[in-house]
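Tertiary structure, described
What follows is each chain in one-letter form.
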Amino acid sequence: MQQTYEQFRNDLADSIRSIPGEMRNVSVQRVPKLNGVSYYGLTILGEGENISPAIYLEPYYEMYRAGMPLETIADLILKEHESHALPIPMKPLTAFSEVRDRIRYRVINYELNREFLRDIPFRRVLDLAVVLYYTVNLGISETATVFVRRETVRRWGVSEEDLFSLAESTTPVADPPCVCPLKRILSEFGFEEDSPDEPGDVPLWIITNERRTFGSACMFYPKVLAKAADAIRADLFLLPSSIHEVLVTPDIGNLSREELERMVREINATQVKRTEVLSDHVYSYRRGERALTLL
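Residues numbered from 1 in each chain as written. Predicted model: local features only at pLDDT ≥ 70, side-chain atom pairs only at ≥ 80, totals over all residues. Heavy atoms only, no water.

Some remarks on unusual backbone geometry
Positive phi outside glycine occurs at L126, with the angle close to 55°. Along the chain, L126 turns up in the loop between β5 (122-125) and β6 (128-137). With a phi angle near 70°, K223 is a residue other than glycine that sits in the positive phi range. Among the structural elements, K223 can be located in the loop between β9 (205-209) and α8 (224-232). With a relative accessible area of 61%, K223 lands in the exposed category. (Helix = DSSP H or I, 4+ residues; strand = E, 2+ residues; numbered from the N terminus. Buried < 20%, exposed > 50% of the residue type's maximum accessible area, 1.4 Å probe, protein only.)

What about empty space enclosed by the protein?
Applying the stated criterion across every chain, the model contains one cavity of 30 Å³ or more. Along its surface, the largest cavity is lined by Y105, Y133, T171, D175, N209, R211, T213, F214 and Y221. Across the lining of the largest cavity, the residue classes tally to four nonpolar, three polar and two charged. (1 Å grid on protein atoms, 1.4 Å probe; cavity = no way out; pocket = protein on both sides within 12 Å on 5 of 7 lines; lining within 4 Å. Points joined across faces, edges and corners; volume = space filled by probe spheres on them. Nonpolar A, V, L, I, M, F, W, Y, C, P; charged D, E, K, R; others polar.)

Quick look at the packing of aromatic side chains
Under the criterion given, the structure shown has 13 aromatic pairs. With a centroid separation of 4.8 Å and an interplanar angle of 35°, the aromatic rings of Y5 and Y61 are classed as tilted. Of this pair, Y5 sits in helix α1 (residues 5-17) while Y61 is found in helix α2 (residues 58-65), placing the two residues 56 residues apart along the sequence. Across this residue pair, the class does not change: Y5 and Y61 are buried. (Phe/Tyr/Trp six-rings, centres within 6.5 Å; stacked < 30°, edge-to-face > 60°.)

Remarks on the layout of surface pockets
Of the volumes computed, that of the second largest pocket is approximately 380 Å³. Lining the second largest pocket are 14 residues, and of these S241, E245, I267, Q271 and V272 lie nearest its centre. Contributions of two or more residues to the lining of the second largest pocket are made by β10 (235-242), β11 (245-251) and α9 (257-270). Considered class by class, the residues forming the lining of the second largest pocket number seven nonpolar, four polar and three charged.

Focus: the packing of α1 against helix α3 (residues 70-83)
Running from N to C, α1 and α3 cross one another at 65°; their axes reach a closest spacing of 9 Å. Considering their axes alone, α1 and α3 lie roughly perpendicular with respect to each other. At the point where α1 passes α3, the crossing takes the right-handed sense. Between α1 and α3, the residues in contact are F8, D11, L12, S15 and I16 and L70, E71, I73, A74 and I77, respectively. Residues of the contact of α1 with α3, tallied by class, amount to seven nonpolar, one polar and two charged. (Axes fitted to C-alpha atoms, helices over the stretch in contact; angles between N-to-C directions. Parallel < 35°, antiparallel > 145°, perpendicular 65-115°, else oblique. Left-handed = near helix turned anticlockwise from the far one by under 90°. Contact = heavy atoms within 4.5 Å.)

Examining the sheet that holds strand β2 (residues 38-45)
Spatially, β1-β2-β3 is the arrangement adopted by the three strands of the open sheet, whose pairing is antiparallel. Edge strands, defined here as strands with exactly one partner in the open sheet, are β1 (25-32) and β3 (55-56). (Pairing = 2+ DSSP bridges.)

Brief notes about the environment of K227
Structurally, K227 can be placed in helix α8. Considering only alpha carbons, one finds K227 and V179, 48 residues apart in sequence, at a separation of 9.6 Å.

Examining α1
Helix length check: α1 (13 residues) gives 19 Å between terminal C-alpha atoms against 18 Å at 1.5 Å per residue, within 8%. Y5, F8, R9, L12, A13, S15 and I16 are the residues of α1 that are buried. Take α1 and look down its axis: the buried residues cluster within an arc of 160°, on one side only. Along its buried surface, α1 packs onto β1, β2, α2 and α3. (Expected span 1.5 Å × (residues − 1). Arc of directions from axis to C-beta.)

Description of the side chain of T275
Looking at the element boundaries, T275 is found in the loop between α9 and β12 (283-286). Judged by its relative accessible area of 15%, T275 falls in the buried class. Other than its neighbours up to four places away in sequence, T275 contacts K33, L34, N35, V37, Y39 and I243.

Rendered as structure tokens:
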């Protein structure tokens, strides 16, 4: 008889501890993610280590349910941990001077994250929350992101206002905006960039950043929407397709609010991970007023 998920987590941790080798501190914790989603993550700390990436256990439980022995899964997880091991022990960044140049902002859904936002400094904008994070270098090419919490702000001895002001200046520089036709982005994933438009096709552009990560924040960069509207010579509809990008189409009277919101809901339901959904609502940017509002 197979174990429950809780039994699997506990026995897996014990199995990893029993593998011969150096002493290991193995723990399993529930890791809250965005939009009300949470996963269970296993961390392994060897001697002299105090930071280790969490290894999420849901995929491994599916392997176990498909018949893979627990001991084999334990070996796989230990190999995954070793493949991501840091070359030197890392210490947490605690002093504000260590992180001030790494402070950034991003946007998440407000209603879906009300519980999460209890401990997080944020600014409410439309149906979204602007939150702060900082980056931590884990190695030559790996970077982790850490949300700024109110407890951290108190420890740093700075004000939330100063942090948000700092993020407004650092974020556009660290993650420059990218506004380009959707087809150009799709071409990066193997689609034909120069395929001709079909009659009735809706012209779509994408707003993101050069890293294609947390790029929906770019719609709040200074002058990004104004330049896009001026280039298109029209008001804009913004479709929040995920936390990483926003789709833009000109408001020329050919699309209704119902059609646009149906498009957004369909994308969120079929194409976007639950943790990466930004909003089911559509935004309107009025070129003459330089104003972004909920449609």
